[in-house]
Amino acid sequence: MPTFSNPVLAGSHPDPSICRVGEDFYLVTSSFAYYPGIPVLHSRDLVSWQPLGHVVDRPSQVSLTGLDVSDGLWAATIRHHEGTFYVVVALARGRQGSTTYLFTASDPAGPWSDPVVLEAEGIDPSLFFDDDGRCWFTACRDAAEPEVTGPGELWMRELDLDRLALTGPTHALWYGAMRGAWVEAPHLYKRDGVYHLIGAEGGTERHHAVTAARADAVTGPYSTDPRNPLLTHRHRGAAEPIHNVGHVDLVDTPAGETWAVALGVRPLDGTHTLGREVFLVPVEWTAAGPVFAPDTGRVRLSERLPARTGAGAVAPVGPTRDDFGGRALGPEWSSLRGPVGHLVSTGPGEGGLTIRLSPEPLTGTGTPAFVARRQQHLRMRARARVRFTATAPTQEAGLVVFQHAHHATLAVTADASGTPHVVLTAGEAGSRTRLGAAAVTSDEVVLVVDSDESGYTFHVEDGTWTTLGTIERPFFSTERAGGFVGVHLGLYGIGGADAGEAHVHWFEYAPAR
């Protein structure tokens, strides 16, 4: 039987949502404080995905300034109705939903509209278009009587498609299957006249689970599915390669099958660094409701192909080299909280990437001189050829391994006498620790970081090969660093006002065996 390899989107792609238009599938994920926000991807087979663009690609749409890395744009939902694409998303501040936005587009590649602010509280908004053309908005929020119902509540209001505003009464739908746990990630589906409300409980970590309720009317009452949880790996042992499974969204294929996209992580010895990734899971509908992974009851690294796709295994992400010759950075690159065009430029002059040093630190809540891409393999090598002449130890530019509150920099800088050095520094909890340094004979060097099961090892090459040190892998894990994002590999520059420029000739990313 032909198979594909899970995850279908490796590296940090949390909270997937999916819709289909004809033969085409479209998917969005959370982006938090990374910019541009809410990536949009396209597929014809559910297995191979290509980036189309981003919903939030103009600073006038949403301000992310001042937000923690793991706040920002949470758990968007994408839907299509009568020629229009809709995306709803919550903006989080201090780990709480603060504003709910609705975006529209005629083309999922963009441009997307400026947002409409909906009168909604909570997080994880979703839309459901019923057979009669009415649109229903769902989300999760704190329950009014948590001592009676449990801490979370899934709720609903109608969305007026002409005014793009919520209207009519608010309906409390469901409080979850596990009364001591928060219920979130609501999506609504209709099958044979029955409304199925799919949610997530147990948190987004080890006890994450897919749960469900059903009703004969869209506004309820909803009764808890006695089979709950419908999908989880919380009962599986440490040897299970995939954990934290949940937050699903369902889609029907042209061949009549149903599949779910789900988030999960691939831990090693109890910690994971790549973030929450997108896994594809078969779904079978029965009289009782959806059955996830009907043959095995679990999400697998190797799964049968969707019918009639003609696709093979997911094409592995191979070595990539970016010479930055285009007018803009490719879709794999992100900055923090806003565009960095005033700090980072590509292409003109000698080509490559020019980074204008900024006083904004990587640990701040502004927009530093920083661009990064997701790490997608446990074993990998990232390299960059960097030219930078520092005049003081406060000026630095180079490679960074960035994971929420923890990061490590491999930087070209200078000592107090002005001699060029490459310095390895680890940062956590607002402090920085110098782990290694090497004098170099030139202001142009190749900076290298290798990652494997044990850790991240940093090297510099300037005619000779020097290893500056290794940081144990768990330092960059979500379990240690906190937050909701995975490791990003980036390029950066820090210095005072008018501190000069660094030039990156190229950046390479390559999986390692």
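Bear in mind the structure is a predicted one, so any value in this text is a computation, not a measurement. (Residues numbered from 1 in each chain as written. Predicted model: local features only at pLDDT ≥ 70, side-chain atom pairs only at ≥ 80, totals over all residues. Heavy atoms only, no water.)

1. Quick look at the sheet that holds strand E7 (residues 72-81)
Through backbone hydrogen bonds, the strands of a sheet pair up, either in parallel or in antiparallel fashion. Put simply, the test is: Strands are labelled as partners when DSSP assigns at least two bridges between them. Secondary structure elements follow DSSP: runs of H or I no shorter than four residues count as helices, runs of E no shorter than two count as strands, and numbering proceeds from the N terminus. Lines fitted to C-alpha atoms define the axes, with helix axes restricted to the stretch in contact, and inter-axis angles between N-to-C directions lie between 0 and 180 degrees.
Within the open sheet, the four strands sit side by side as E7-E8-E9-E10. Their pairing is antiparallel. Unpaired on one side and paired on the other, E7 and strand E10 (116-118) mark the two borders of the sheet. Going across the sheet, the axis of each strand differs from the next one's by a mean of 25°, ignoring polarity. Relative to E10, strand E9 (residues 96-105) is paired through three bridges, and the arrangement is antiparallel. Paired with Tyr101 across the bridge in E10 is Val117.

2. Describing the sheet that holds strand E3 (residues 24-28)
Taken together, four strands build an open sheet; the order of strands is E2-E3-E5-E6 and the sheet is antiparallel. Every other strand in the sheet has two partners, leaving strand E2 (17-21) and strand E6 (50-56) as the edge strands with one partner each. The sheet shows a mean angle of 25° between the axes of neighbouring strands, direction not considered. Two strands pair when backbone bridges link them, and E2 and E3 are joined in this way by five bridges, in the antiparallel orientation. Among the inter-strand pairings, Ile18 is bridged to a residue of E3, identified as Leu27.

3. What about the side chain of Asp45?
Put simply, the rule is: With a 1.4 Å probe rolled over the protein chains alone, any residue whose accessible area is under 20% of its type maximum counts as buried; one over 50% counts as exposed, and the rest are partly exposed. When charges are counted, Lys and Arg are positive and Asp and Glu negative, with His and the chain ends excluded. Salt bridge criterion: a side-chain nitrogen from Lys or Arg within 4 Å of a carboxyl oxygen from Asp or Glu.
Structurally, the position occupied by Asp45 is in the loop between strand E5 (37-43) and E6. Summary of buried charges: Asp45 has no salt-bridge partner, and the nearest side chain of opposite charge, Arg44, is 9.3 Å away.

4. Topic: the nonpolar core
Applicable threshold: In these notes, a set of buried Ala, Val, Leu, Ile, Met, Phe, Trp, Tyr and Cys residues joined through side-chain atoms within 4.5 Å is what counts as a nonpolar core. Any two residues having at least one pair of non-hydrogen atoms within 4.5 Å are treated as being in contact.
Among the nonpolar cores identified, the biggest contains 46 residues, and Val422, Leu447, Phe458, Leu491 and Phe507 are the most heavily contacted of them. With near-sequence residues (within four places) excluded, Phe458 lies in contact with Val401, Ala408, Leu410, Leu424, Val448, Val449, Thr466, Thr467, Leu468, Gly469 and Ile471. If you look at the next biggest cluster of nonpolar residues, it comprises 33 residues, including Trp136, Trp174, Ala372 and Tyr492.

5. Focus: the packing of aromatic side chains
Operational definition: Pairing of aromatic rings covers Phe, Tyr and Trp, the last counted by its six-membered ring, and requires centre-to-centre distances within 6.5 Å; plane angles under 30 degrees mean stacked, over 60 mean edge-to-face, and any other angle means tilted. We call a charge positioned over a ring when the NZ of a Lys or the CZ of an Arg lies within 6 Å of the ring centre and within 35 degrees of the ring normal.
Enumeration according to the criterion identifies 13 aromatic pairs in this entry. Relative to Phe129, the ring of Tyr86 has its centre 5.4 Å away and its plane inclined at 45°; by these criteria the two rings are tilted. Residue Tyr86 is located in strand E8 (residues 84-93), and its partner Phe129 is located in strand E11 (residues 123-129); the two are separated by 43 residues in the primary sequence. Tyr86 sits in the buried class, given a relative accessible area of 7%. Under the relative-accessibility criterion, Phe129 is labelled buried at 16%. Here the aromatic cluster, defined as three or more aromatic residues joined through ring pairs, consists of Phe32, Trp74 and Phe484. Across the ring face of Tyr509, the terminal group of Arg373 is positioned such that the distance to the ring centre comes to 3.8 Å.

6. Observations concerning the pairing of strand E30 (residues 380-387)
Relative to strand E35 (residues 444-451), E30 runs antiparallel, the two being bridged by eight bridges. Among the inter-strand pairings, Ala382 is bridged to a residue of E35, identified as Val449. Examined bridge by bridge, E30 and strand E39 (residues 501-511) share eight bridges and lie antiparallel to one another. Within E39, the position partnered with Val386 by the bridge is Val504.

7. Some words on the environment of Val47
Along the chain, Val47 falls in the loop between E5 and E6. Val47 sits 430 residues away from Ser477 along the chain, and the two C-alpha atoms are 27 Å apart.

8. A look at the pattern of salt bridges
Counted under the stated rule, the structure contains 30 salt bridges. For the salt bridge of Arg134 with Glu158, the shortest nitrogen-to-oxygen distance reads 2.7 Å. Of this pair, Arg134 sits in the loop between E11 and strand E12 (135-142) while Glu158 sits in strand E13 (residues 152-160); the two residues are 24 residues apart in sequence, bridging distant segments of the chain. Assessed through its relative accessible area of 38%, Arg134 is described here as partly exposed. Residues Glu444 and Arg387 are paired through a salt bridge, measuring 3.9 Å at the closest nitrogen-oxygen approach. Taken together, the positions of Glu444 in strand E35 and Arg387 in strand E30 put the pair 57 residues apart, joining distant regions of the chain. On the basis of relative accessibility, which here comes to 26%, the residue Arg387 falls in the partly exposed class. Each member of the salt-bridge network shares a partner with another, and the members are Arg321, Asp323, Arg383 and Glu508.

Bear in mind that shape data such as this cannot, by itself, settle questions of function.
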